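# Observations on chain architecture
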Amino acid sequence: MSQATQPPVLPPPEPLVKRPRLISSGGVLGSEWRVGRGYSIGEVRAVGLTVDEARLLGIRVDTNRDTVWDVNVQRLRDWLSKIIKGEALPPEPALPKAIKIKRKRGRVFRALTPAGRRMRGLMSVKLRETHVHKWKKKARERAEKRRHETVRAKGGH
């Protein structure tokens, strides 16, 4: 009996991005392209995938990038065609990373004690003992162009 050999696992190609022309180097580049963080959403959609599908296939997606380079779209198409034809296998999908939740900080920091409320500037009268009120007040004073951030003390500069 002959065993069918399984095709090799082929990781997706590295995304390429243009290297910026720096004034400090006189606008001269060593090479125009460098390896980027991930493919842009436009490049992934041009191939016909969603962001979630691309990530399941092991394709890195950089949501901050807006540019769509034909070089990257072509490289992704070639790789996907090999996967679809069965010449290669995509890498195994990775499990999402475990998120470590930080424990709550102390009572004073969360303004749960009088000292903590005083430290955060929340010791005012009536129902105005919340930081939300304080932030709204600051935003209103900024809009009115009042000098609320730099209150000068007696004898200060």
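For the structure, check the block above.
In this report, we go over the structure that sits alongside the text. Source: prediction; values computed, not measured. (Residues numbered from 1 in each chain as written. Predicted model: local features only at pLDDT ≥ 70, side-chain atom pairs only at ≥ 80, totals over all residues. Heavy atoms only, no water.)

## Quick look at helix 3 (residues 70-85)
So the rule is basically this: In this description a helix means any DSSP run of H or I spanning at least four residues, a strand means any run of E spanning at least two, and both kinds are numbered starting from the N terminus. Expected helix span is given by 1.5 Å per residue-to-residue step, counting one fewer step than there are residues. Here the term buried applies to any residue with accessible area under 20% of the maximum for its type, exposed to any over 50%, and partly exposed to those in between, with areas from a 1.4 Å probe on protein chains only. Arc, as used here, means the arc of the directions from the helix axis to the C-beta atoms.
Compared with the 22 Å implied by 1.5 Å per residue over 16 residues, the 22 Å span of helix 3 between its first and last C-alpha is a close match. All of the buried residues along helix 3 are Asn 72, Val 73, Leu 76, Trp 79, Leu 80 and Ile 83. An end-on view of helix 3 places all buried positions within 135 degrees of arc, on one side of the element. More than 90 degrees from the buried face of helix 3, the exposed residues found are Asp 70 and Lys 85. Downstream of helix 3 by a residue or two, Gly 86 has a phi angle that is positive, lying close to 90 degrees.

## Concerning the packing of aromatic side chains
Worth spelling out the cut-off: The aromatic pairing rule takes the rings of Phe, Tyr and Trp, using the six-membered ring of Trp, and pairs them if the centres are within 6.5 Å, calling planes under 30 degrees apart stacked, those over 60 edge-to-face and the rest tilted.
Within this structure, the stated rule accounts for one aromatic pair. Relative to Trp 69, the ring of Trp 33 lies with its centre 5.5 Å away and its plane at 90 degrees, an arrangement referred to as edge-to-face. Here Trp 33, found in strand 2 (residues 33-35), pairs with Trp 69, found in the loop between helix 2 (51-56) and helix 3; they are 36 residues apart in sequence, far enough to count as distant. Taking relative accessible area as the criterion, Trp 33 reaches 27% and is therefore assigned partly exposed. For Trp 69, a relative accessible area of 24% gives the class partly exposed.

## Considering the nonpolar core
The tendency in soluble globular proteins is for nonpolar side chains to be buried side by side. Note the following rule: Side-chain atoms within 4.5 Å link the members of a nonpolar core, which is a set of buried Ala, Val, Leu, Ile, Met, Phe, Trp, Tyr and Cys residues. Contacts between residues were defined by any pair of non-hydrogen atoms, one from each residue, lying within 4.5 Å.
Judged by nonpolar contacts, the single largest core of 15 residues is most densely connected at Val 44, Leu 49, Ala 54, Leu 57, Ile 59, Trp 79 and Leu 80. Those elements that provide at least two residues to this core are helix 1 (41-47), helix 2 and helix 3. Filtering out sequence-adjacent residues up to four positions away, Ala 54 remains in contact with Val 44, Leu 49, Ile 59 and Val 61.

## A short note on the layout of surface pockets
To keep it simple, the criterion reads: Only protein atoms enter the 1 Å grid, on which a cavity is a set of points fitting a 1.4 Å probe that cannot get out and a pocket is an open set with protein on both sides within 12 Å along at least 5 of 7 lines, lining residues being those with an atom within 4 Å of a point. Grid points are joined across faces, edges and corners, and a volume is the space filled by probe spheres set on the points. Only Asp, Glu, Lys and Arg are considered charged in this grouping, and only Ala, Val, Leu, Ile, Met, Phe, Trp, Tyr, Cys and Pro are considered nonpolar; every other residue, Gly among them, is considered polar.
One number sums up the size of the largest pocket: a volume of about 170 Å³. Lining the largest pocket we find Asp 52, Arg 55, Leu 56, Gly 58, Ile 59, Arg 60, Val 61, Glu 92, Pro 93 and Ala 94. Split into classes, the residues belonging to the lining of the largest pocket amount to five nonpolar, one polar and four charged.

Purely geometric stuff here, so don't read any function into it on its own.
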